[in-house]
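Residue-level listing of the chains:
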Amino acid sequence: MGTTAPVTAGTVEWGTPTARWTLTATVLGSGMAFLDSTVVTVALPAIGDDLGAGLSGLQWVVNGYMITLSALILLSGSLSDRFGRVRLFMAGVAVFALASVLCTFAPTLEWLVAGRVVQGLGGAMLTPGSLAILQAGFREQDRARAIGAWSGLTGVAGAVGPFVGGWLVQIGDWRLIFLVNVPMAAAVLLIAWFKVPESRDSGADQGLDYTGALLGVLALGGITYALIQWGAAGTTPAVVAAAVVGVLSLAAFVLAEARGRHPMLPLGIFSSASFTVTNAATVLVYGALGPMLFLLVIFLQEVGGYSPVAAGAASLPITALMLLLSARSGKLAARIGPRPQLVAGPLLLAGGFLLLSRLEPEAPYLTGVLPGVLLIALGLASAVAPLTATVLASAPERHAGLASGVNNTFARSAQLIGVAAVPVAAGISGGGQGADGSASAAAIAQGFGPAMLILAGMCALAAVCALALPRRSALLAERRMEEEQGQEDGRSSPEASEPEPPTPPSRFCGATEPPWQSCPGSSAGAGHDAPGGAR
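Cut-off values and rules
- Residues numbered from 1 in each chain as written.
- Predicted model: local features only at pLDDT ≥ 70, side-chain atom pairs only at ≥ 80, totals over all residues.
- Heavy atoms only, no water.
- Helix = DSSP H or I, 4+ residues; strand = E, 2+ residues; numbered from the N terminus.
- Polar contact = N/O pair within 3.5 Å; in protein donor to acceptor, adjacent residues only side chain to side chain.
- Core = buried A, V, L, I, M, F, W, Y, C linked by side-chain atoms within 4.5 Å.
- Buried < 20%, exposed > 50% of the residue type's maximum accessible area, 1.4 Å probe, protein only.
- Contact = heavy atoms within 4.5 Å.
- Phe/Tyr/Trp six-rings, centres within 6.5 Å; stacked < 30°, edge-to-face > 60°.
- Axes fitted to C-alpha atoms, helices over the stretch in contact; angles between N-to-C directions.
- Parallel < 35°, antiparallel > 145°, perpendicular 65-115°, else oblique.
- Left-handed = near helix turned anticlockwise from the far one by under 90°.
- Bend = angle between axes of the 7 residues up to and from the residue.

(A) Representation of the side chain of Arg-85. On the secondary structure map, Arg-85 appears in helix H3 (residues 85-104). Separated by 2.6 Å, the side chains of Arg-85 and Asp-81 make a polar contact.

Encoded structure:
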């Protein structure tokens, strides 16, 4: 490829120019994806007005991206090991940028959704890929610091997204929210090409699960299409056919993963009851969070008369409190054990949804919207760190990356299904469209409260899942948190009888998904990466 990187992978030292360039490229790349996901939500009403899209069309703008992203994340790590982590990251950035151009100039809703589907493909390569680059590139003693900086800075990108999106919509056009990705992507590609050392696993002879990836896309796509179009058009032959394809593809996916030689989702990992129970809680929590973020911004603009900037800023306390409290939540759980927070967090979320269910169109932000948003923020801050630690403690150490990837995939898939299903269940879809095809403000106002009640019930079930968590898994999660806290404070856990691979401390990577532990399916950071060569 171009010039030789000045430092080989696995030897990058914190504070050096190569470290700064590597961190800049990975933060800008994954930050671009985080920023895009938040700005698009803020721009949904403007997109609907311009393209004549009803609520079902806006659901597709969100879910088109999530389908490919959710289905392909678990394949990303294996691809990066085989073809080169920087190379795959750059390919993801390039695909994301080209898809952003397609979204920018999309003449119809169908073209916009197609661009979002391709964006999801790029996001599936670049977000976990950026983590793999850090794990394979930095020295072992600097790796946790680099990943912590990456997660914090990308979290900031998610925090500023609503302001950026609202501002771009107000000063110009919703198409600008996609156009801004192009210069960011160009900068990332230049830095990665010339300054970031390549790495790959020379022993990565493991087959790739293309069949599982294809079946995953078909399953999520079919089920999502059936749910959205059922709400928009009723039980048509197309809806029935999509439902059949989705369910059969899901069954075929499970069968392929059970019998495949190199499955991207080994079903044996679910033999742990605590892993299964905790992921069920993850599905319920994030399956509620996705529809809330989707419906709240539409409700505030279409019913409450908020500007795009104000509607985007309405949920900012969630991101801000997650950034401030996630690490402290992990410390608290290390002292008292994860179970209390795994119960209290979802219950706080349920309380927040109950408050939002009573939201009136004319209610002021401080007394109407903010109390519910604050409870949701506190619930997430309480639950996410112990939830992630329990998932990781329930899987063998060698499967930490896989466990983290599965948890993240479940969270994204739950949001995808939630955004498709909850509006239908609340009666917002179907006849809730105006004469021009746009979502009816009256239908949104009528269905918003029932939707929030559904989400409250989901979070209450998540608390029940936490109560059903086996006692042993809670003890393991507590020990893991103590070890993380010991590493964060520069000391070792007193219970550790022998040195173990360092575990990054609790971190925040965005309010809409659990924090990453490592790149799923990748050997990055395992100590046997081939050094990066000339590129």
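(B) Here's a closer look at the nonpolar core. Among the nonpolar cores identified, the biggest contains 138 residues, and Met-292 and Phe-353 are the most heavily contacted of them. Not counting residues within four places of it along the chain, the set of residues in contact with Met-292 comprises Ile-318, Phe-353, Leu-356, Ile-376, Met-452 and Leu-455.

(C) Seen up close, the side chain of Gln-119. You can see Gln-119 is positioned in helix H4 (residues 109-137). Engagement of the side chain of Gln-119 in a polar contact is seen with the side chain of Ser-100, the distance being 2.9 Å. Excluding residues that lie within four positions of it along the chain, Gln-119 makes contacts with Asp-36, Tyr-65, Phe-96, Ala-99, Ser-100, Cys-103, Phe-178 and Asn-181.

(D) Layout of the packing of aromatic side chains. One pass over the full model with this rule turns up eight aromatic pairs. Taking the centre distance of 6.4 Å and the plane angle of 85 degrees together, the rings of Tyr-65 and Phe-96 count as edge-to-face. With Tyr-65 in helix H2 (residues 55-83) and Phe-96 in helix H3, the pair connects residues that are 31 residues apart, well separated along the chain. Overall, the relative accessible area of 0% leaves Phe-96 in the buried class. Judged by centre distance (5.9 Å) and plane angle (20 degrees), the ring pair of Phe-270 and Phe-410 falls under stacked.

(E) Geometry of the environment of Met-458. Here Met-458 is to be found in helix H16 (residues 441-467). Considering only alpha carbons, one finds Met-458 and Tyr-286, 172 residues apart in sequence, at a separation of 9.6 Å. Not counting the four nearest positions on each side in its chain, Met-458 is found in contact with Leu-284, Gly-287 and Ala-288.

(F) Main features of the packing of helix H13 (residues 339-357) against helix H14 (residues 365-393). With their axes 7 Å apart at the nearest point, H13 and H14 run at an angle of 155 degrees to one another. By the angle class used here, H13 and H14 are roughly antiparallel. The element H13 and its partner H14 pack so that their crossing is left-handed.

(G) Region of interest: the environment of Gly-120. The residue Gly-120 is located in helix H4 in this model. Look at Gly-120 and you get buried, because its relative accessible area is 0%. Sequence-distant contacts of Gly-120, defined by excluding residues within four places in its chain, comprise Tyr-65, Thr-68 and Leu-69.

(H) Geometry of helix H1 (residues 17-51). The largest bend in H1 comes to about 50 degrees, at Ala-43, with the proline Pro-45 one to four residues further on. In terms of burial, H1 is a largely internal element, 26 of the 35 residues being buried. Of the residues trailing H1, Gly-52 is marked for its positive phi of about 65 degrees.

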